Structure formats: structure tokens, C-alpha cells
2 protein chains.
Amino acid sequence: MGEQITYSLSEAIEESTTDIPLCYFTKEAFDIVRETENTAIQKTKIFAQLARLNALYMIAKAGSGHLGSSFSSLDIVSWLYLNVLKSEDRYYSSKGHDSPGLYAVQSALGIIPFDKIHGLRRIDGLPGHPDVNTPGAHTNTGSLGMGVSKAKGFLFADDLSGKHDGRLFVLTGDGELQEGQFWESLVTASRLRNGRLTVIVDHNKIQSDTYVRSVSDLGDLEAKFASFGWDVSRCDGHDYEALEQLLNSQSKDGRPKVIIADTIKGKGVSFMEHTSMKPEQEFYKYHSGAPGQDDYKSAIQELVTDINEKAFILKLKIPNPTDINIEPLTISKNTERMVPAYSEAILNAARSNNKVVALDADLILDTGLIPFKEEFPERFIECGIAEQDMVSQAGTIALAGYIPIVHSFACFLTTRPSEQIYNNCSQGGKVIYVGSLAGVLPGGPGHSHQAVRDIAGMLSMPNMTILEPINAKQVASALSWAVNDSNESVYIRLTSIPYEQTTELSQVSKFIPGQGECVRKGDDLMIICFGPILSFQAMQTAEILADNGIESTILVTPWINRIDTSWLRRILGNLPLVVTLENHFTESGAGSYYVKSMANSGLLKNRKVLTLGVDELPACGSNDEVLAFHGLTANMLASNIIEKHLSQS
Amino acid sequence: MGEQITYSLSEAIEESTTDIPLCYFTKEAFDIVRETENTAIQKTKIFAQLARLNALYMIAKAGSGHLGSSFSSLDIVSWLYLNVLKSEDRYYSSKGHDSPGLYAVQSALGIIPFDKIHGLRRIDGLPGHPDVNTPGAHTNTGSLGMGVSKAKGFLFADDLSGKHDGRLFVLTGDGELQEGQFWESLVTASRLRNGRLTVIVDHNKIQSDTYVRSVSDLGDLEAKFASFGWDVSRCDGHDYEALEQLLNSQSKDGRPKVIIADTIKGKGVSFMEHTSMKPEQEFYKYHSGAPGQDDYKSAIQELVTDINEKAFILKLKIPNPTDINIEPLTISKNTERMVPAYSEAILNAARSNNKVVALDADLILDTGLIPFKEEFPERFIECGIAEQDMVSQAGTIALAGYIPIVHSFACFLTTRPSEQIYNNCSQGGKVIYVGSLAGVLPGGPGHSHQAVRDIAGMLSMPNMTILEPINAKQVASALSWAVNDSNESVYIRLTSIPYEQTTELSQVSKFIPGQGECVRKGDDLMIICFGPILSFQAMQTAEILADNGIESTILVTPWINRIDTSWLRRILGNLPLVVTLENHFTESGAGSYYVKSMANSGLLKNRKVLTLGVDELPACGSNDEVLAFHGLTANMLASNIIEKHLSQS
């Protein structure tokens, strides 16, 4: 298996460093730096280091967030905000992953209230990815490749409004350049001659887990941009003199300008810098997720030492960072995780069936594919952040008689390549789609990453079975069924966060097409639940209902769009109320599907119906906050159900 | 208004030339050419011209199909099939629009049964865009930009199977190169070193309606491909010697090869060649759709004369083309069209509201935007075939306070930019999406163009109202409401084919949020209908039901996902059966939405339910054939409803 891998699921897990005190610099520290008489370069160098420490603080406190690219971009972002941006200018990051770094700068400058730094990824704090409801955020980002398109929209609107001044700076990642939309957007942008658009590529060489060059090499990036008609320049993204020169200059004829800024991922803390990776080290450790205690302490020490040295030279007195004790996250006991189970399941599938092929879109850690890649390298394709390309490849691999299994986060997998999945369905050939990070949790990354539309998208694909396992055991059954038994394409929806279990839920093992399993019996109503998180809430809800004299039957089923209606008829009996409960938009999801099917089969006569799930744009926050926001805690579910139980309709 | 425009809606209308006899060359004619002793070039030249005539025949008979790109690519395709392709090689067109030309070649060579040429776009004939169920089709195309991704999938599968020989030739359009997926797919392809992949760009300079350079200029195409690591060459795509040399040669190191073939759209018939367009002529007339009678006759004459001249020189006796009388299409009388009504509506909206902006993705004719562009050029953006880019631009235009209206065919608009639409919804700002060609008709283009998933996609967008007008009057109301009254984004679903009307349907004018209008009253059941085509069928169905003693209430409503439930409760009264009827997949569409909402509101108690619509992959065929295939004719609907009416559940 080669080197020992720590599976740090980037977006999935709230892992904090909170059993030690954390620390941050106050706004005063930043103000002191800004108000000194030193040169812009001297000031910005310290400012950026202060911002690094605060970004680290925010991520450690939140338990997740993107450290590597916050650090790689912070010299650029600091220079822009301190020395370039005028009131009429706009800056945003197209990738948006680097928001902790951006927030550190913006909070230091009073663009966002300073206190917000304590609330990264919390419901009343700062969203995991930029959102227009935060001051200073011009547009929502987090979904990759949209930045230049958005800039063109802004500039077009400006022209209509008669606004002709103000520059627009857009930061992009380098992994992000694998998205087709990015190149799509460059073409008509190249016609612009207003000298207002500058794109800066934060070329930190590492995408999610590993080197860009080994995922999907960018080739001659300068030649690419030039061939698309852009003005291209390149510099060291940590060299302020070079940044100053390139950011202030404009292209000769006013065409859009791209600056390829060579940066170091994790810049500012020696052991986090990607350049310190050993030659044989495949995976970069600080892309996202909070650092461990030791790493946190060492990083703080290094940053503070460096800041003090710089301050000493400039004769600045910068107050020490402020220590703060954080309440540790409560970690539940009976938790289980699906992704490791999936890792095992796909290994087993591949061992017993040599037609199995796996495709990944730059999320090999999060989708659990490292063991597969190591054991079956010839049956693995790393496609990079290129979901459309990945899905169309899978389609012809299937036509050739193989069984491709396609992986990404559910939010991307089922939406970016929607037309490509349909094209695959239209031509036959079995493709298995596995979407992790499904549902409204984790709540920290925000709506770009919260997959609550994936069922809707997949329901509209002809000949597609949708499965949402209830526990790790059922992950194995679902994949085995998809590979060995299903005659059509299959979408498997996986929960990525650790979830709590009850004994009943952990024992569910039935896997018969169209049928679920009753994990509790009661005469007043049935709750049909999908997925582990809300099934657990349903079990607790049933207890609350029982305390109120209402007895629930709880049916859990992995079959989102396949129902054995004669079986369901028997199970339903005379229950007067059916509640569906899904970790997905109720507008169009499992609940709609069940209700429509039951209505067509005459199963709703003399029964009341209540479809519960996510009813609005997902909130960003801690997992508990997000469940509460959407009314999905046991208490809120129970009161909703009681109201329905007592109602006339 | 400049020159007189003929609105030839490319995919929407079955307009045939069938009141004059048509003609085609038999297989024997092709065989004679192939079996002669002349040079490959001499033979292929005549063969390609015979194929052009047969392609013209197929399109004229079908009443639609892509003439311009069939003709521009036919020298390449003929040369490939006659002189290059070996049994282990594969060829397919990524754009797929040029299928009539391809079929002409394949039928001449016996790859597909020759008789199939009489059935282009018919249910048992040849699909409008390539489909794997046709012999010789390797993959489904018609959705743009997927060709290279698919090639990589084939080559990967070959490697696993131990197949290392056989070349893969993929033809692309030039407009197609605007799709992001194309550039996305080039990156990892550039790693290949097996010498097996050749892409040929049919660079005919014209996309749907006009010059590529004026839609979204491709820039230095050679430099672009080279910067993406491909081996690039370029030639005249009608010069057989050049084609021979480039198609037979390989790149030095086995990397993928792209041949930019400069071609003439409409090549082979002088007045159809784009090079014959007048300098001031903006729109090319022969992209798609059957030619008019005069054009047809002149084209045949030119082709036959040229063939005879060539045959005379080679001393070949080629039989004259076979004349065939075709039954004229029956054109219904009371037809109406929505797109012209929409053209007028958006003009009115823009005249009264200077915030209105229109964006188009290379379908300006089909989406009815020519008058808008002419009157409001500064408020119009032609985005090219770049739907993701278009939608993200619209998002920031909306954030800046304008009202962008985004246009394409429904099948593309709601799927290719699915993630971008969601991103727009997440950041607020009202964007209006207008999808034409919605539903299963026209049936000719095939499943890539039949939008039966668009409602499902849009139902999963937060804060999105979906409207499907019932007639031209309601198109105006819907757009006016969307622009002036709606607080959230709106999707308007338009029928592009001319549709029949009853007096009742043509008089529908009510437009109150969440409410529809009853156009017939009866006590046995209610049919809730969406859109003009199926509402017309429903009216006829009601007559048949009445003949069987069953009296129907028919409710037509443009509100797909907004229901005034108290109003609906009143209308429903004691009707014991509710039928929903939609021009969309029933798995997830208007029917599911209505049933779920009615169930939650207690409106289904003591009522039977039947959700009708499209239940499987749309069939390709004439409109009547397709309706019948999906059980959507009045007779079939009536028998389905009678069965439900009599059933227990």
C-alpha cells in the first residue's frame, strides 16, 4: 500500500484543533502595520503574515477550510487590497476556496466586521465559500471555472450603466483551469479592449490532493492564454516588486490581461509549503481541513517568529496574538463512515470483476479511491477537475463492455455533466455514478457543495436507478448490486460525514429491489426515510412522538426511485399518515417520487401526506446549526408531524 | 429592419418539398463509381457528389436536417470511407448534425441498409442525430463537444482489452469548438502516444445561422491546438490530395493529431456555398431545414450536371437518379406558433423596460431574437455555443440590476449549465431563462434535442418559477409577468413547432399566479394539462371519453410549480380522478409536482391519480409517430384514462 495515508476528507469532517487554545491577531495589529511609515512592500509582507495567522485561526476554529490556497494567494490578495484596489475596483476569487485568507484581509481592513473571524463556516458568520450576503463579496463562488464569465457580465452591465472606470481582478486556481467553462469563457472576453479585466492565476502547482502536473498537466500555460487572445505575463506570486509592476500595468491595447503567478501552496509556514514535500510524497497534506494540534502549534510559532523578526527590523511594536479557548466539538460516539466502507466495496468489486473501472475528478481522497488506484492502476483514470470529460469517457468505456464507476462530490457529479449523463443514458451501456458529500451536511462548505439537487437531476435520466444506502453495510450491497445485478445505470448517493447510528439502523441489511426495512412499528403514521442522517433523526423523532402518544412506523429504504408497490401496500396497512423525510430538496426528490408512485397505485386513499426535507437554499454553518435551520432536528420534525397528525388534511 | 428575414426554424418545423417529385441515386450508381478503374481521387469526387444528392433527397423528404454541414463534410467523409478506414478503424462525427451526409455514404456502402435513406427522421428509419442503434454508429452524438472525451473512453477500453490497432477519426464542427467540454477534453488526450487518434475540424466558417467569426471568433486555431499539446495540420477540406496526405500521415511521436480542414458550408451546389453569400448578407440559409422547391430543383440540376460531366470524362455510365413521388405532409389548419409571439413579447418588454437584456447561444433564429438584436443591439449578447459561459454572465448582469433573459433550446439551456443556473439562484438577482424546442416534439432531431428533462432540472433550483404557456397570448403574459412582476427567477418553456388549437384553447387568457383555466367541464375526472400540444390532445381525448359516457373537466395552466391550492380545491370539487398530462418525463416533472402538492394539501383523499406524459427515452420520428410511440395520441390517452376510471385504485 506504499506510504501510510491519512484520509483527511477535505470537506466532510469537522475536525478541530480545539483542545488547545487558539490565537489570532486583533485588528489593531494590522492597523499598526498599515499606519507605519515603511515601504508598501515592507508593510504588505508583515500584513500578509498576520493574515496567514488569522486564516489559520479561522480554519482551526471552524474545523475545516482551505489552508494551502489561502496561504499561496495571500501575498497577491494582500498586495491587491493594500496597494492596488481603488473604491471603483472589484476583486473576487473564482475558485473561492481561498476565502479564509480573503476574510483575514477583509476583516483587517474593516470591509467585514472584524468579529466575524470567529465564525468561519458558522451560520451567522462567514460562509465556507464566498457569498454575496457577505460584505465585500461581489459574487458567489466555490463552483469552479465561472470567474471570467462573471467578469464579462459585470463589464457588460457597466457599459450599459455608463460606468467605464474601475478595474476587475479575478483570481483563479490552477487546478480550476481544467474546467471547460474557463476556456469557454476566455474566447469572447478576448474581444474586450477596455483595459479593465485582469485575471491572476494562483499557480500553486497543487490541486486538491496532489500535483496538478500529475492530475492533468496544464502544459504551456502562457501559450494557451496567448492563443486565446489574452495578454499574458508571468511572475513569482510572492515577489511584491513583480506583482506591483504587473498589477499596475495594462495590456497595450486594453485587451484582458492574465498574470500567471507562480506561487507555493502553503506559503509562509515551511512545512506546509508544497516545495517541502519529499520527492516520493504523492499527497499534499494541507489543501483543506484543520491541521492537527502539533502542526497548528508549529505553524503559529513559525509565523509569530517571522512576524516578530520583520517587526523588529521595522521597529514596529505589534501586540502578541490573542489566545482564546474554544469549546471542543462534541464528537458523538456511535458514528460510522461510508467512504471507508465504499473504498473496501469497490476493491471487492474490482477483485471479483475485471470489467470494473474507476474514474475520478480530482477527489481521490474524498471519494475513497486511493486503495483502488494502488491495486488497480491500469483500471483507474484520474480525470482532473473535468466532470463533463470524465462522464463522456465513461459512456464509451461502458459501450465497450466495461463497467465504469464515476466519482465526484454529488453536487458536481450530477449537475456539471448533466447533459453528458443523459447522453450516456441515451446510448445504453451501464455507468455507475457515485456521488459523495450528498445532502445538506457537512454544512460548512456552503451551498456550492451541499448536494440537495442530485436526486432531482438523476430522476430525470432514463434507465437510472438511484440508491441511497442507510449504513456502511448497505454501501457494500448497493455497489455489489450495481456492478453485478443491475441491468441499467445506477447512481449511488453517499454521506461523507460521520453519522450517528442506533442499533436498529446499524443492523439494517436487507437489500431487495424496491423494498426497504421497518426499523420501528407504530399504528399512527409511517415515516419513510432516506439516508443515515435523517433516519437517525427520525428514530429520535419517533421517541418524541411516542412521548406525545403518537406511535410511528419507520421505514428506511435505499431505493429512491424503485418501489415494490405491492410490498409497500402491505407495509402501509391502514396507517393514516405517510411522512417522507429526505436529505434533499422536497420540491423534486425522493418524497415527490414516492408520493407520485403511491398516488398512481392508489396507496394514498384515506391517507394524509407530509413531505419533509430541505425547502430552501441550504444554509452554511455547523452541522447542528444547518439541521436546525432547515427544521430537520428531531424536535422540529416531531412538532411538524404532530401538527399534520392533528390536521384535517 | 434591414433585409427581409425568412424565419426558418432549424429544428422546429417539418417543411418539406414534397409537392414535387424527389429523386435519389440507387446503390448501383455508387457501386459503378467504386468499381471503375479510375484513381481514388476521381472516384471519390463523383461518389461525394452522388452522396450530396442523396443527402439532399433525405432532408427534402424528411422536411428537416442539416444540409450545409452535410455538404461541407462530404468530401472528408467520402474520402475516409472509400480510402482510409480499415475494418479495425472507427469514425464518428462529434457534432452529429451532418448525419444525412454520413448516412448517404454509409447506405451507399451497405453499412446501413440502402432502403433506410427513405426514412430519415422517421421512427423506423434513420435518427436525426447519430444513435448507436443504427449500424455503423459508434456512439450517440448531437449534443456538442463530447467527441474527444468519447474517443478517450474508447481508447482506454481498447488498452484494457489488449487491442492496440485501429485508428479513431472524430469529425468536429467549428462552432462546436466554442463548447468548453471540447477544450476540457483536449488536455489529458495530449498525453496519448499511441498514434491512434485523429480529429478533423470541419471548419466551414458558419455556425447555425451566421459566420463563426461574428458569433465568437475562434482566433488562431492552430496555435490553440498546439498550445494544448496536439499535433496540428491544416488543409483545404475539399482537396483530396491534401486530405490523403494528412489523413494517412501520423504525428511524429504518436500524439493525437488534429487536421483543421478548411471547408465551404453547402459545398457542391453553387448557391448553397457560403462563399456565395453577399457581403452584406448576415444569415446563411442552408444550415438546416429542407430547401424550398426552387432551391431543391436548382440544386438537383446542378449536382446532376456536375456528375454527368465527371462521369463523361471518366467514361462512366451512371444511371439517372430515380424519381419518387412523396405523399405531401398534411398541414393542419388552426395552427399557431409561439416563437414569433415571443419575438414580439420580448420587443415589448425591452421597449417598456430598459433593464431588459437578451443573451443567446447561437440560436438567434430559433429563439426569435433577430428583431430584438436589431432594435437593441447594445442590450444583446451573442454568446456562441457556450451555454455555461452565457448563464454565468447573466448571473452577474442580474446582480448589477439588469434583467437578463437567457435563450437556447430547452434541452441545452437547462442541462449544460445546470450548476451555473444553481449558482445564479444562490446569489439572487432575477434571471429569466427561455427554453424553446421544449418537449418531445419536434420528433425529428432525436433525443439529444427533445427536452423532456428541463422541468426536472428547473424544479430543483431554489426560487425559480416555471411557466409553460398554453398559447401565443399567454407567451406575452408570461414574459411580461416574469419581467415586471416576478420577484424571483423564471423559466419559460416554449413549444417551437406550430400547434393546433381549439377555440377554447385559443381563448385562454387568464394569467393569475398559481391558477389555471377550465376549458371544459365534466363530472367524472379532471385532466390537468400543460402546454399547447398535449392540451389539444386532451381536448380530443375528452371527446372520445364523452363518447364513452365519461365527462371530463380540463384544466390548462401555465404554472408548473406554483399552485394556488385553495383555488384548486374549489375547482377539483368531488371529481374522483385527477389525470396530469405533460410533455415531459413523468418520473420527475409537472405531474409529480402537482401530485405531491395536492397530497400535502389533502386534495387527493378519495381521489384516484394518473400521471401521464413521456415515460421513456424519446423516440425519433415524425411528430405523429412520436406522439403515438409515447401513447400521447387522443385515442391512446383515452383508453389509458378509461382503464384508470374503471380501476379500483
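Residues numbered from 1 in each chain as written. Chains lettered and ligands numbered in written order. Predicted model: local features only at pLDDT ≥ 70, side-chain atom pairs only at ≥ 80, totals over all residues. Heavy atoms only, no water.

**What about the confidence of the model for chain A?**
Residues and elements named next belong to chain A. Put simply, chain A has an average pLDDT of 95, and 97% of its residues get 70 or more. Across residues 1-9, where pLDDT falls below 50, the model places 20 contacts with residues more than four positions away in sequence or in other chains. The complex prediction reports pTM at 0.97, with the ipTM value standing at 0.97. (pLDDT = per-residue confidence, 0-100. Contact = heavy atoms within 4.5 Å.)

**Some thoughts on the sheet that holds strand β5 (residues 231-236) of chain A**
Residues and elements named next belong to chain A. Within the open sheet, the five strands sit side by side as β2-β3-β4-β6-β5. Their pairing is parallel. The two strands at the open ends of the sheet, each matched to only one other strand, are β2 (90-93) and β5. This sheet shows a mean twist of 20° between the axes of neighbouring strands, independent of strand direction. Summarising the sheet, strand β3 (residues 168-172) and strand β4 (residues 197-203) pair through five bridges and their orientation is parallel. Across the sheet, the residue bridging to L168 is L197, located in β4. Seen against the sheet, helix α3 (residues 67-84) touches β2, β3, β4 and β6 (257-262) and runs at an angle of roughly 150° to β4. (Pairing = 2+ DSSP bridges. Helix = DSSP H or I, 4+ residues; strand = E, 2+ residues; numbered from the N terminus. Axes fitted to C-alpha atoms, helices over the stretch in contact; angles between N-to-C directions.)

**What about the packing of helix α2 (residues 40-62) of chain A against helix α10 (residues 293-314) of chain A?**
Residues and elements named next belong to chain A. Across the interface, α2 lies against α10 with an axial gap of 10 Å and an inter-helix angle of 160°. On the basis of their axis angle, the class for α2 and α10 is roughly antiparallel. Here α2 and α10 pass one another in a crossing that is left-handed. In this structure, α2 uses Q42, K45, I46, Q49, L50, R52, L53, L56 and A60 to contact α10, whose residues at the interface are Y296, A299, I300, L303, V304, D306, I307, K310, A311 and L314. For the contact of α2 with α10, the per-class residue count stands at 13 nonpolar, two polar and four charged. (Parallel < 35°, antiparallel > 145°, perpendicular 65-115°, else oblique. Left-handed = near helix turned anticlockwise from the far one by under 90°. Nonpolar A, V, L, I, M, F, W, Y, C, P; charged D, E, K, R; others polar.)

**A word on the relation of the copies chain A and chain B**
For the pair chain A and chain B, the best superposition has an RMSD of 0.0 Å and corresponds to a rotation of 180° with a translation of 0.0 Å parallel to the axis. Taken together, the rotation angle and the small translation identify this as a two-fold axis. Of the C-alpha atoms belonging to chain A, the one lying closest to the rotation axis is found on A:G180, 2.0 Å away. Both copies contact each other with a shared surface, as 100% of the interface residues of chain A are interface residues in chain B too. (Least-squares fit on C-alpha atoms with pLDDT ≥ 70 in both.)

**Concerning the packing of aromatic side chains**
If you walk through the whole model with that rule in mind, you get 39 aromatic pairs over all chains. Relative to B:F114, the ring of B:Y24 has its centre 6.5 Å away and its plane inclined at 40°; by these criteria the two rings are tilted. Residue B:Y24 is located in strand β1 (residues 22-24), and its partner B:F114 is located in the loop between α4 (99-108) and α5 (147-161); the two are separated by 90 residues in the primary sequence. Just as B:Y24 is buried, B:F114 falls in that class too. Counting every residue linked through ring pairs, the aromatic cluster contains A:F182, A:W183, A:F225, A:F228, B:F182, B:W183, B:F225 and B:F228. (Phe/Tyr/Trp six-rings, centres within 6.5 Å; stacked < 30°, edge-to-face > 60°. Buried < 20%, exposed > 50% of the residue type's maximum accessible area, 1.4 Å probe, protein only.)

**Remarks on the interface of chain A and chain B**
Contacts between the two partners involve 98 residues from chain A and, on the opposite side, 98 residues from chain B. Interface of chain A and chain B: buried area, both sides summed, is about 8,200 Å²; carbon and sulfur atoms make up 53% of it. Broken down residue by residue, the surface that chain A buries against chain B is led by A:E184, A:E419 and A:R453, which jointly contribute 9%. The tally of links between chain A and chain B comes to six salt bridges. Ranked by residues supplied to the side of chain A that touches chain B, first place goes to helix α5 (residues 147-161) of chain A with nine residues. (Buried area = accessible area lost by both parts, 1.4 Å probe. Salt bridge = Lys/Arg side-chain N within 4 Å of Asp/Glu carboxyl O.)

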